[in-house]
Amino acid sequence: MISTIRKLAFGALAALAGTALVAPAVQAQEKFKVFLSMSYIGNDWQAEAANMLKALAVHSSMIDKVDLQVQVAGPSAQKQIQQINAMVRAGAKAIIVYPISPTALNGAVKNACEKGVVVVAYDSIITEPCAYNVHIDQKQWGIKSAEWLVDKLGGKGKVVMINGVPGTTVDTLRIEGAKEVFAKNPGIEVVAEANGMWSQAVGRTELSKILATRPWDQIDAIWMQAGCYTANSMQSEAGIADDKLRPCAGEASNGGRIQMLPVGTEVDGANGTYRPMGAPRWSSGSQNFTGALALKLAVAKLEGKEIPALTDVAQNIVTNENIKLCKEGSWAEMKDGCNVFQPAIIPNPGWFASIYSAETPEVGLNAALVGQPED
């Protein structure tokens, strides 16, 4: 009988010990359920930003904290609203969002906040006061790019504008800023305008339509939210010499920045129009790391830290004066100031080169390319 009692007692103690050992392990595996809500994804910028955010989620500093799930609504505000509502019902602790509209999502976002969900928008803006925003000053992007173009033209010339994705705050504010500058300079005439959807391919299509009625000799410069690489390539294809290329103010595509390098610069993998041309350029991007930074801030908030309502990300403006080739593309090299990558490393000229931030050392070139974090 005593033997039986001892066996039962031992078994109970063993079970209790087992429970004590297992419970902390289960608790350690608890993660914040975080959703990424994307809208329009039909361009390189969106793919890179998503890759960098996903890379941060699996970095050693985050992998035990975050369970990331991704949903894409496309260019439909209604679908994005429905998805955000479903995320809240599914137990989201945070939602990182690229909003298709600054105001259309406000009701769904307010509902999420009221249920304790942290909502952080990146690049494009959400105006609901409970949301957090991470982005560059898009109107200043428009102002600074247009001012450079006006200066390059000496205050007089015919300009073509290729815009971005209509309805987003990024596109709206950039156009507003640029047109304010052009309006102050009566010698500047905007002779054509189209939506390029932040895509090199769409930019080529829209610019080709314009060129059907207005040839290059009737265009003095281009303001192009995405597509300066394409515009330079089209001029080269039309037989325009490198030293006659029209000034272009626009995005941070790697192909466009390679074209900015002085003629004769040795680069690995150059071919065709993906080569140094000395192209006159102003190049700045929305900063592809903003999605990753938004995730980092959301987790900080969930851990009880205070984060700013607006994280105003500095623009990284590159011109012919400060263009610098990255030999290998390491994070340390980018920290040292390089801002364009070898074509052999980045074969896609439409790929965006604005990936470096001192705030996100967890993600670099491989993060933007394939979603792999830094060591």
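Our structure's up above, just so we're on the same page.
These figures come from a predicted structure and were not determined experimentally.

Visitor: Explanation requested: the overall build of the protein chain in the structure shown.
Guide: When you go through the protein chain residue by residue, the secondary structure sums to twelve helices and 14 strands. Residue burial in the protein chain is summarised as follows: out of 375 residues, 54% are buried. Summarising the internal contacts of the protein chain: among those between residues at least 6 apart in sequence, 72% fall at separations of at least 24. If you sum the accessible surface of the protein chain, you get close to 15900 Å²; carbon and sulfur atoms cover 55% of it. Distance between charge centroids for the protein chain: 6 Å, based on 33 positive and 36 negative side chains.

Visitor: Sorry if this is basic, but what is going on with the pairing of strand β3 (residues 94-97) here?
Guide: Along a regular strand, successive side chains alternate from one face of the sheet to the other. Burial of β3 is two-sided: the residues Ala-94 and Ile-96 facing one way and the residues Ile-95 and Val-97 facing the other way are all buried. Bridging between strand β1 (residues 32-38) and β3 involves four bridges; their strand directions are parallel. Its bridge partner being in β3, Phe-35 is matched across the sheet by Ile-95. The pairing of β3 with strand β4 (residues 118-122) spans four bridges and is parallel. If you follow Val-97 over to β4, its bridge partner there is Ala-121. Following the chain from β3 across helix α4 (residues 106-114) to the adjacent parallel β4, one finds a crossover that is right-handed.

Visitor: Quick question: what am I supposed to make of unusual backbone geometry here?
Guide: Outside of glycine, negative phi angles account for most residues, and trans bonds account for most peptide bonds. With a phi angle near 65°, Asp-123 is a residue other than glycine that sits in the positive phi range. The topology assignment puts Asp-123 in the loop between β4 and β5 (132-135). A residue is classified by how much of its surface remains accessible, and Asp-123, at 2% relative accessible area, is buried. Unlike most non-glycine residues, Met-197 shows phi in positive territory, near 60°. Mapped onto the elements of the fold, Met-197 is located in the loop between β7 (188-195) and α7 (200-211).

Visitor: When you look at the state of the cysteines in this model, what are you seeing that I'm missing?
Guide: Covalently bonding the sulfur atom of one cysteine to the sulfur atom of another cysteine gives a disulfide. Here the structure, examined in full by the defined rule, presents three disulfides. Cys-113 shares a disulfide with Cys-130; S-S distance 2.1 Å. Residues Cys-113 and Cys-130 are joined through a disulfide that is right-handed, its torsion about the S-S bond being 80°. Of the two residues, Cys-113 is situated in helix α4 and Cys-130 in the loop between β4 and β5; the sequence distance between them amounts to 17 residues. Relative accessible area serves as the criterion here: at 25%, Cys-130 is assigned to the partly exposed category. The disulfide partner of Cys-228 is Cys-248, and the gap between their sulfur atoms is 2.0 Å. The sign of the -80° torsion about the S-S bond sets the Cys-228-Cys-248 disulfide as left-handed. With Cys-228 in helix α8 (residues 228-237) and Cys-248 in strand β9 (residues 248-250), this pair connects stretches of sequence that are 20 residues apart.

Visitor: Looking at this model, I keep getting lost on empty space enclosed by the protein. Mind explaining?
Guide: If you roll a probe as big as a water molecule over the atoms, it shows you where there is empty space left. The full count for this structure, using the stated rule, is one cavity of 30 Å³ or more. Put simply, the largest cavity is a space of about 110 Å³. Counting residues per element, the ones that place at least two in the lining of the largest cavity are α2 (44-57) and α6 (169-183). The residue makeup of the lining of the largest cavity, split by class, is six nonpolar, five polar and three charged.

Visitor: Looking at this structure, I do not really get helix α10 (residues 290-302). What am I missing?
Guide: Given 3.6 residues per helical turn, the α-helix brings residues three or four places apart onto the same face. Taking 1.5 Å of rise per residue, the 13 residues of α10 would be expected to cover 18 Å, and the 18 Å separating its terminal C-alpha atoms lies within 8% of that figure. Taking burial as the measure, the 13 residues of α10 include ten buried ones, the bulk of the element. Those residues of α10 that sit buried are Thr-290, Gly-291, Ala-292, Leu-293, Ala-294, Leu-295, Leu-297, Ala-298, Val-299 and Ala-300. Looking at the residues trailing α10, positive phi occurs at Gly-304, about 95°.

Visitor: Explain the environment of Gln-218 here, please?
Guide: Along the polypeptide, Gln-218 turns up in the loop between α7 and β8 (221-224). Of the residues examined, Gln-218 reaches a relative accessible area of 35% and is grouped as partly exposed.

Visitor: I tried to follow the nonpolar core on my own but got confused; where do I start?
Guide: One recurring pattern in soluble globular proteins: nonpolar side chains tend to sit buried together. Membership of the largest hydrophobic core comes to 80 residues, with the highest contact counts inside it found for Ile-96, Tyr-122, Phe-182, Trp-223 and Phe-341. Contacts of Phe-341, omitting those with residues within four sequence positions, involve Asn-254, Ile-258, Leu-325, Cys-326, Gly-329, Met-334, Ile-346, Trp-351, Ala-353, Ile-355 and Leu-365.

Visitor: Help me understand the packing of aromatic side chains, please; the structure alone is not making it clear to me.
Guide: Remark: the centre distance and the inter-plane angle together describe each pair of aromatic rings, the angle taken between the planes. Under the criterion given, the structure shown has eight aromatic pairs. Between Tyr-98 and Tyr-122 the ring centres are 5.5 Å apart and the planes differ by 75°, which places this aromatic pair in the edge-to-face class. You can see Tyr-98 sitting in the loop between β3 and α4 and its partner Tyr-122 sitting in strand β4, a full 24 residues away along the chain. No difference in accessibility class separates Tyr-98 from Tyr-122, as the two residues are buried. With centroids separated by 5.3 Å and ring planes inclined at 85°, the aromatic side chains of Trp-141 and Trp-282 adopt a geometry described as edge-to-face. Placement of the pair is Trp-141 in helix α5 (residues 138-153) and Trp-282 in strand β10 (residues 281-283), with a sequence separation of 141 residues. The two residues Trp-141 and Trp-282 agree in class, both being buried. A connected cluster of aromatic rings, assembled from ring pairs, spans Trp-45, Tyr-98 and Tyr-122.

Conventions and cut-offs
- Residues numbered from 1 in each chain as written.
- Predicted model: local features only at pLDDT ≥ 70, side-chain atom pairs only at ≥ 80, totals over all residues.
- Heavy atoms only, no water.
- Helix = DSSP H or I, 4+ residues; strand = E, 2+ residues; numbered from the N terminus.
- Buried < 20%, exposed > 50% of the residue type's maximum accessible area, 1.4 Å probe, protein only.
- Contact = heavy atoms within 4.5 Å.
- Areas by Shrake-Rupley, 256 points an atom, 1.4 Å probe, with all protein chains shown as cover.
- Lys, Arg positive; Asp, Glu negative; His and termini not counted.
- Charge placed at Lys NZ, Arg CZ, Asp CG, Glu CD.
- Pairing = 2+ DSSP bridges.
- Right-handed = clockwise from strand over helix to strand, strands pointing away.
- Disulfide = S-S within 2.5 Å.
- 1 Å grid on protein atoms, 1.4 Å probe; cavity = no way out; pocket = protein on both sides within 12 Å on 5 of 7 lines; lining within 4 Å.
- Points joined across faces, edges and corners; volume = space filled by probe spheres on them.
- Nonpolar A, V, L, I, M, F, W, Y, C, P; charged D, E, K, R; others polar.
- Expected span 1.5 Å × (residues − 1).
- Core = buried A, V, L, I, M, F, W, Y, C linked by side-chain atoms within 4.5 Å.
- Phe/Tyr/Trp six-rings, centres within 6.5 Å; stacked < 30°, edge-to-face > 60°.

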